[in-house]
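# Structural characterization, general
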Amino acid sequence: IHSLKKEQPAALSHREILERCPTALDVASPLLTPESFRLGPRWANLQIVRGGNQELFTGLELPAEFQGDLPRFALHPALLDRATGSAQLLFTPGQLENGLHVPFAYERLRIWKPLPARCSSLVRRAGLGLNKGPLATFDVTLIDETGQVLVEIAGFTMKQIDPAMLVSVAAK
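So, here is what we can say about the structure in this document. Not measured: the values here are computed from a predicted model.

A count of helices and strands for the chain gives four helices and eight strands. Its helices and strands in sequence order give the chain the pattern α-β-β-β-α-α-β-β-β-β-β-α, from N to C terminus. Taken over 172 residues, the chain has a buried fraction of 41%. Element-wise, carbon and sulfur atoms account for 56% of the exposed surface of the chain, whose accessible area totals about 9,700 Å².

Tracing the chain through its elements places Thr84 in helix H2 (residues 77-85). The exposure class of Thr84 is buried, given its relative accessible area of 3%. A polar side-chain atom of Thr84 sits 2.9 Å from the main-chain carbonyl oxygen of Leu80. Separated by 3.3 Å, the side chain of Thr84 and the backbone oxygen of Asp81 make a polar contact. Not counting the four nearest positions on each side in its chain, Thr84 is found in contact with Tyr106, Val140, Ile153 and Phe156.

Another aspect to go through is the environment of His76. The topology assignment puts His76 in the loop between strand S3 (55-61) and H2. Between the C-alpha atoms of His76 and Leu115, which are 39 residues apart in sequence, the distance is 6.8 Å.

Attention shifts here to the pairing of S3. The buried fraction of S3 amounts to six of the seven residues, a majority that puts the element mostly inside the structure. Judged from the five bridges that link them, strand S2 (residues 46-51) and S3 form a sheet pairing that is antiparallel. Paired with Val49 across the strands is Thr58, a residue of S3. Linking S2 to S3, which pair antiparallel, is a turn of three residues; within it Gln54 sits at a positive phi near 60°.

Take the pattern of salt bridges next. The final tally for this structure, using the stated rule, is six salt bridges. The closest approach of N and O atoms between Asp69 and Arg42, which form a salt bridge, is 2.6 Å. Of the two residues, Asp69 is situated in the loop between S3 and H2 and Arg42 in the loop between strand S1 (23-24) and S2; the sequence distance between them amounts to 27 residues. Under the relative-accessibility criterion, Asp69 is labelled buried at 7%. We note a salt bridge from Glu61 to Arg118, for which the minimum N-O separation is 3.7 Å. Within this pair, whereas Glu61 is found in strand S3, its partner Arg118 is found in strand S6 (residues 118-125), the two being separated by 57 residues in sequence. By relative accessible area, which is 42% here, Arg118 ends up partly exposed. Shared partners join several salt bridges into a network, and the residues in it are Arg42, Asp69 and Arg72.

What counts as what
- Residues numbered from 1 in each chain as written.
- Predicted model: local features only at pLDDT ≥ 70, side-chain atom pairs only at ≥ 80, totals over all residues.
- Heavy atoms only, no water.
- Helix = DSSP H or I, 4+ residues; strand = E, 2+ residues; numbered from the N terminus.
- Buried < 20%, exposed > 50% of the residue type's maximum accessible area, 1.4 Å probe, protein only.
- Areas by Shrake-Rupley, 256 points an atom, 1.4 Å probe, with all protein chains shown as cover.
- Polar contact = N/O pair within 3.5 Å; in protein donor to acceptor, adjacent residues only side chain to side chain.
- Contact = heavy atoms within 4.5 Å.
- Pairing = 2+ DSSP bridges.
- Salt bridge = Lys/Arg side-chain N within 4 Å of Asp/Glu carboxyl O.

Below is the structure:
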């Protein structure tokens, strides 16, 4: 961990992102909330999901009754989890058939500003595009309503696990 001596990145255009991500996707997709997960009400923050060519746009808003959490968290866990976890909608059919994927690692995390109650994320496949095997890697940028970059995540990696592992851990 170290302090950045760089200038904050230029703002992104919501209009241009939405042009690249024209397809409306289901915010209630089982890919976003697997049956084996029980998410609390703070995770009911996903407002819009749109897909494009190897990228995904999400609009997020922390429910009003939980916005009092924000002074305690620069990166609210529920907003960050939904912003990054939506990457599963970019999985290949083979990855989807091979089981549940969970957050595994961040290569680099840059925090420019704390997350507000309303923000958006842009998720893109990292590296060569189509990841193979049990790992899938993405780059994620979180922006505010004006397009100002709030957080940059390079190399967000999700790892495939056996869903039975969750059941066996929960039973103990």
